[in-house]
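# Residue-level structure breakdown
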Amino acid sequence: MSTTKAISKPTSEPVSLALLKSHLRLSADDASEDELLKHYLSAAVAKAEKYCNQYFTSRILETTFTVTEPFQLSEGTGSVLSVSGFVTDVTQLPTVGQYWSEYVKGIAINRQYPIDYDNLPTYTVRYDFQADPESDVIQAILKIAADMYENRENSTTGTVNRALSLNFQLLLAPYCVVD
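Reference entry: report on the structure contained in this document. Note that the structure is a prediction, hence the values are computed from the model and not measured.

## Notes on the packing of helix α1 (residues 17-24) against helix α2 (residues 34-52)
Contact geometry of α1 with α2 gives a least axis separation of 10 Å together with a crossing angle of 100°. For the element pair α1 / α2, the angle class is roughly perpendicular. Counting all contacts with α1, which are made through Leu17, Leu20, Lys21 and Leu24, the residues of α2 involved are Asp34, Leu37, Lys38 and Leu41. Among the residues forming the contact of α1 with α2, the class breakdown is 5 nonpolar, no polar and 3 charged.

## Section: α2
Taking 1.5 Å of rise per residue, 19 residues should cover 27 Å, and α2 covers 27 Å from first to last C-alpha, within 8% of that figure. Looking at α2, one finds that the buried residues are Asp34, Leu37, Tyr40, Leu41, Ala44, Val45, Ala48, Glu49 and Cys52. In a view along the axis of α2, the buried residues occupy a sector of 165°, so they form one face of it. Residues of α2 that are exposed and angled more than 90 degrees away from the buried face: Glu35 and Lys50. Structurally, α2 contributes buried residues whose contacts are with α1, β2 (59-66), α4 (135-150) and α5 (166-172). Following α2 by one or two positions, Asn53 has its phi on the positive side, about 60°.

## Some details on the state of the cysteines
For the structure on display, the rule yields 0 disulfides. This cysteine, Cys52, is not joined by any disulfide, and Cys176 carries the nearest cysteine sulfur, 4.0 Å off. On the basis of relative accessibility, which here comes to 28%, the residue Cys176 falls in the partly exposed class.

## Looking at the sheet that holds strand β3 (residues 77-85)
The strands that make up a sheet are held in pairs by hydrogen bonds between backbone atoms, and each pair lies either parallel or antiparallel. The strand order β1-β2-β4-β3 describes an open sheet built from 4 strands, whose pairing is antiparallel. At either margin of the open sheet sits one strand with a lone partner, and together these are β1 (3-6) and β3. Neighbour-to-neighbour, the strand axes of this sheet turn through a mean angle of 25°, independent of strand direction.

## Considering the packing of α1 against α4
One can describe the packing of α1 onto α4 by two numbers: an axis separation of 10 Å at closest approach and a directional angle of 65°. Here the hand of the crossing between α1 and α4 comes out right-handed. When α1 is examined against α4, the residues Leu19, Leu20, His23 and Leu24 are found in contact with a partner set consisting of Ile138, Gln139, Leu142, Lys143, Ala145, Ala146, Tyr149 and Glu150. In terms of residue class, the contact of α1 with α4 is built from 8 nonpolar, 2 polar and 2 charged.

Calculation criteria
Residues numbered from 1 in each chain as written. Predicted model: local features only at pLDDT ≥ 70, side-chain atom pairs only at ≥ 80, totals over all residues. Heavy atoms only, no water. Axes fitted to C-alpha atoms, helices over the stretch in contact; angles between N-to-C directions. Helix = DSSP H or I, 4+ residues; strand = E, 2+ residues; numbered from the N terminus. Parallel < 35°, antiparallel > 145°, perpendicular 65-115°, else oblique. Contact = heavy atoms within 4.5 Å. Nonpolar A, V, L, I, M, F, W, Y, C, P; charged D, E, K, R; others polar. Expected span 1.5 Å × (residues − 1). Buried < 20%, exposed > 50% of the residue type's maximum accessible area, 1.4 Å probe, protein only. Arc of directions from axis to C-beta. Disulfide = S-S within 2.5 Å. Pairing = 2+ DSSP bridges. Left-handed = near helix turned anticlockwise from the far one by under 90°.

Structural data, given as structure tokens:
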């Protein structure tokens with residue numbers, strides 16, 4: 001199963017500080033809380049990304065595949081920056097059918113390709129990801145950041161509520177990726 005991880009920090013945020021200030025009905029000229037608002041925006045984006053199991057910010061990503069998996073990068077993928085591991089170029093990717101036909105014939109498969117399916121060789125693709133989140137994802141991020149701004153402390157004594165409220169879940173549910 002492929003795994004994806006972020007290699008760089010976000011290069012662009014899906015929600016601007018000006019939009020958050022407008023959402024909170026704060027003066028655009030007042031810069032006294034800008035650092036705090038940027039922090040809330042960053043935390044809100046991270047919370048939405050973790051909940052949906054996908055990225056909403058542009059950045060460089062790295063996905064590792066086993067050689068039997070189809071080569072398919074997520075929507076929004078820009079240019080492939082590098083390929084490393086068992087395969088060093090995207091054009092070298094073998095198809096599962098090539099290995100299966102050799103296996104059925106009883107011919108020894110390349111020694112670098114073990115039959116042990118738990119330890120298949122992998123290759124890693126590094127690429128530029130350009131996020132373009134939908135308007136309801138942006139609205140959910142705005143609401144999460146506004147909730148953090150308005151409720152700076154826990155509302156319940158002795159417990160910590162880490163779950164998203166139903167309102168945020170309804171906005172983000174269509175974008176959840178299940179592995």
